[in-house]
Amino acid sequence: MGYVFGIIIFVLDVWAIASVINTNVSTGTKILWIALIAILPVVGLIIWYFAGPKANYGAR
């Protein structure tokens, strides 16, 4: 059953990284957020959710 939790975290991390890539922040900031999410998958995901840049889907 532990692998299900791992798959869920992986999918959420991929979603968070995709969201970071789709922001208007600088490249350096994107790299730092992606590294944080990749190195600390659970903690990085939680920190990104509350403090990270959010994607600008639909913004013109």
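Residues numbered from 1 in each chain as written. Predicted model: local features only at pLDDT ≥ 70, side-chain atom pairs only at ≥ 80, totals over all residues. Heavy atoms only, no water.

With that settled, consider the packing of helix 2 (residues 27-39) against helix 3 (residues 41-51). The contact between helix 2 and helix 3 brings their axes to 5 Å, and the two run at 140°. It follows from the interaxial angle that helix 2 and helix 3 lie oblique. Every residue of helix 3 that contacts helix 2 at Trp33, Leu36, Ile37, Ala38 and Ile39 is listed here: Pro41, Gly44, Ile47, Trp48 and Ala51. (Axes fitted to C-alpha atoms, helices over the stretch in contact; angles between N-to-C directions. Helix = DSSP H or I, 4+ residues; strand = E, 2+ residues; numbered from the N terminus. Parallel < 35°, antiparallel > 145°, perpendicular 65-115°, else oblique. Contact = heavy atoms within 4.5 Å.)

All right, on to the UniProt feature "domain: Cardiolipin synthase N-terminal" (unreviewed entry) in the chain then. Per the UniProt annotation, the sites labelled "domain: Cardiolipin synthase N-terminal" (unreviewed entry) are residues 11-53. Helix makes up 81% of residues 11-53 and strand 0%, with an end-to-end C-alpha separation of 18 Å. (UniProt positions renumbered as here; feature names shortened; annotations may be inferred.)

With respect to the secondary-structure elements, Thr23 resides in the loop between helix 1 (2-21) and helix 2. From its side chain, Thr23 meets the backbone oxygen of Val20 in a polar contact 2.7 Å long. Excluding anything up to four places from it in sequence, Thr23 contacts Lys30, Pro53, Lys54, Ala55 and Asn56. (Polar contact = N/O pair within 3.5 Å; in protein donor to acceptor, adjacent residues only side chain to side chain.)

It is worth spelling out helix 2 at this point. With 13 residues, helix 2 should cover 18 Å at 1.5 Å per step; its first-to-last C-alpha distance of 18 Å lies within 8% of that length. Among the residues of helix 2, those classed as buried are Lys30, Trp33 and Ile37. Projected down its long axis, helix 2 shows its buried positions confined to an angular sector of 70°, all on one face. Along helix 2, exposed side chains directed more than 90 degrees from the buried face belong to Thr27, Ile31, Leu32, Ala38 and Ile39. Tucked into the core, helix 2 has its buried residues touching helix 1 and helix 3. (Expected span 1.5 Å × (residues − 1). Buried < 20%, exposed > 50% of the residue type's maximum accessible area, 1.4 Å probe, protein only. Arc of directions from axis to C-beta.)

Moving on: the packing of aromatic side chains. The full count for this structure, using the stated rule, is two aromatic pairs. Pairing Tyr49 with Phe50 gives two aromatic rings, centres 5.2 Å apart and planes at 85°, and the pair type is edge-to-face. Classification of Phe50 as exposed rests on a relative accessible area of 69%. Lying over the aromatic face of Trp48, Lys54 brings its terminal NZ or CZ to 4.9 Å of the ring centre. (Phe/Tyr/Trp six-rings, centres within 6.5 Å; stacked < 30°, edge-to-face > 60°. Lys NZ or Arg CZ within 6 Å of the ring centre and 35° of its normal.)

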